[in-house]
Amino acid sequence: MNAGISTNRLPIFGYGSLLFRPGFGYVARQRACADGYARSFSQASPDHRGTPERPGRVVTLVPRVGESVVGALYFVEAPALELLAELDHRERAGYQRVTLEASADGEKHQAVTWLAPPGNAYDAGHLPLDALAAHIRLCEGPSGPNPDYVFELERALLELGGADAFVSELSALLRR
């Protein structure tokens, strides 16, 4: 374990909105990577960045050999049952709580995160970049405009030193 991270702490891996709006207190936060995954804007958001009538788009992780996703590990006091239940509710639109391996400062951690598997009820599939940007521009939900999600994600990744080329490309297109 890392210095200052005791075994009674639960690591939670954030790669999307948890990077810029975790919504919970934590003991420590570290830049981390999850190998074998890539971000995908294939998940519809009928409850945060869109509505049921016009669902926005948010990220999930998809398996991709040779790729790596930069995110953050949030360490919380275990067992964190109430927090996990709150995050299960927050990530309810097609996401499932899973455990994946994330590396931080040379240490590997089994971390909790939420992934939306292909074929879930809110899987919106892949859109070409231009079509994705056009769709995102039109969406807004209780958590704000869908373009803001992309901008905040890009900012959070840059702060972590983990720019995602696709997120940056999409962000640039939305700024035009």
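Residues numbered from 1 in each chain as written. Predicted model: local features only at pLDDT ≥ 70, side-chain atom pairs only at ≥ 80, totals over all residues. Heavy atoms only, no water.

**Quick look at the overall build of the protein chain**
Alright, step 1. Assigned secondary structure in the protein chain consists of five helices and seven strands.
Alright, step 2. Taken from N to C terminus, the helices and strands of the protein chain fall in the order β-α-β-β-α-β-β-α-β-β-α-α.
Alright, step 3. Relative to the 2.2 N^0.38 estimate, which gives 16 Å for 176 residues, the radius of gyration of the protein chain is 16 Å and therefore close to what a compact globule would have.
Alright, step 4. Dimensions of the protein chain, computed from the C-alpha atoms along their principal axes, are close to 45 × 30 × 25 Å.
Alright, step 5. Accessible surface, the protein chain: about 8400 Å² in total, of which carbon and sulfur atoms supply 53%.
Alright, step 6. The positive charge centre, built from 17 side chains, and the negative charge centre, built from 21, are 3 Å apart in the protein chain. (Helix = DSSP H or I, 4+ residues; strand = E, 2+ residues; numbered from the N terminus. Rg over C-alpha atoms; globule rule 2.2 N^0.38 Å. Areas by Shrake-Rupley, 256 points an atom, 1.4 Å probe, with all protein chains shown as cover. Lys, Arg positive; Asp, Glu negative; His and termini not counted. Charge placed at Lys NZ, Arg CZ, Asp CG, Glu CD.)

**Quick notes on the side chain of Asp 47**
Alright, step 1. Positionally, Asp 47 belongs in the loop between β2 (28-45) and β3 (56-77).
Alright, step 2. Setting aside residues no more than four positions away along its own chain, Asp 47 makes contact with Arg 90, Arg 92, Ala 93 and Pro 142. (Contact = heavy atoms within 4.5 Å.)

**Comments concerning the pattern of salt bridges**
Between side chains of opposite charge, pairing is possible as soon as their charged atoms come close.
Alright, step 1. Within this structure, the stated rule accounts for nine salt bridges.
Alright, step 2. Where Asp 164 meets Arg 39, a salt bridge forms, and the shortest distance between an N and an O atom there is 3.0 Å. On the criterion of sequence distance, the pair formed by Asp 164 in the loop between α4 (146-159) and α5 (165-175) and Arg 39 in strand β2 is long-range, its members being 125 residues apart.
Alright, step 3. Taking relative accessible area as the criterion, Asp 164 reaches 15% and is therefore assigned buried.
Alright, step 4. With a relative accessible area of 11%, Arg 39 lands in the buried category.
Alright, step 5. Glu 159 is paired through a salt bridge with Arg 155; the nearest N and O atoms lie 2.7 Å apart. Placement of both Glu 159 and Arg 155 in helix α4 is noted, with a separation of four residues, approximately one turn of the helix.
Alright, step 6. Among the residues examined, Glu 159 registers a relative accessible area of 60% and is labelled exposed.
Alright, step 7. You can call Arg 155 partly exposed: its relative accessible area is 33%.
Alright, step 8. The structure contains a network of salt bridges with shared partners spanning Glu 152, Arg 155 and Glu 159. (Salt bridge = Lys/Arg side-chain N within 4 Å of Asp/Glu carboxyl O. Buried < 20%, exposed > 50% of the residue type's maximum accessible area, 1.4 Å probe, protein only.)

**Notes on the confidence of the model for the protein chain**
Low-pLDDT portions of the prediction should not be read for the details of their coordinates.
Alright, step 1. Averaged over all residues, the pLDDT of the protein chain equals 95, while 96% of them reach at least 70.
Alright, step 2. Within the model, pLDDT remains below 50 along residues 1-6, and this stretch shows 12 contacts once partners closer than five positions in the same chain are excluded. (pLDDT = per-residue confidence, 0-100.)

**Quick notes on unusual backbone geometry**
Alright, step 1. Of note, the bond from Ala 78 into Pro 79 is cis; its omega dihedral lies within 30 degrees of zero at 10°.
Alright, step 2. With respect to the secondary-structure elements, Pro 79 resides in the loop between β3 and α2 (81-90).
Alright, step 3. Phi angles above zero are rare outside glycine, and Ala 80 is one such case at about 55°.
Alright, step 4. Mapped onto the secondary structure, Ala 80 falls in the loop between β3 and α2.
Alright, step 5. Judged by relative accessible area, which is 14%, Ala 80 ranks as buried.
Alright, step 6. If you check the backbone angles, Asp 105 has positive phi at about 50° while not being a glycine.
Alright, step 7. Relative to the elements of secondary structure, Asp 105 occurs in the loop between β4 (96-104) and β5 (107-115).
Alright, step 8. Owing to a relative accessible area of 64%, Asp 105 belongs among the exposed residues under this scheme.

**A short note on the packing of aromatic side chains**
How two aromatic rings sit relative to each other is given by the distance of their centres and the angle of their planes.
Alright, step 1. Going through the model one piece at a time under the given rule, you end up with seven aromatic pairs.
Alright, step 2. Look at Phe 13 and Tyr 15: their rings are 6.3 Å apart centre to centre, the planes differ by 25°, and that puts the pair in the stacked class. Assigned by exposure class, Phe 13 and Tyr 15 land together as buried.
Alright, step 3. Consider the rings of Phe 41 and Tyr 149, whose centres lie 6.3 Å apart with planes at 85°: the pair is edge-to-face. You can see Phe 41 sitting in strand β2 and its partner Tyr 149 sitting in helix α4, a full 108 residues away along the chain.
Alright, step 4. Through successive ring pairs, a cluster of aromatic residues spans Phe 20, Phe 41, Tyr 149 and Phe 166. (Phe/Tyr/Trp six-rings, centres within 6.5 Å; stacked < 30°, edge-to-face > 60°.)

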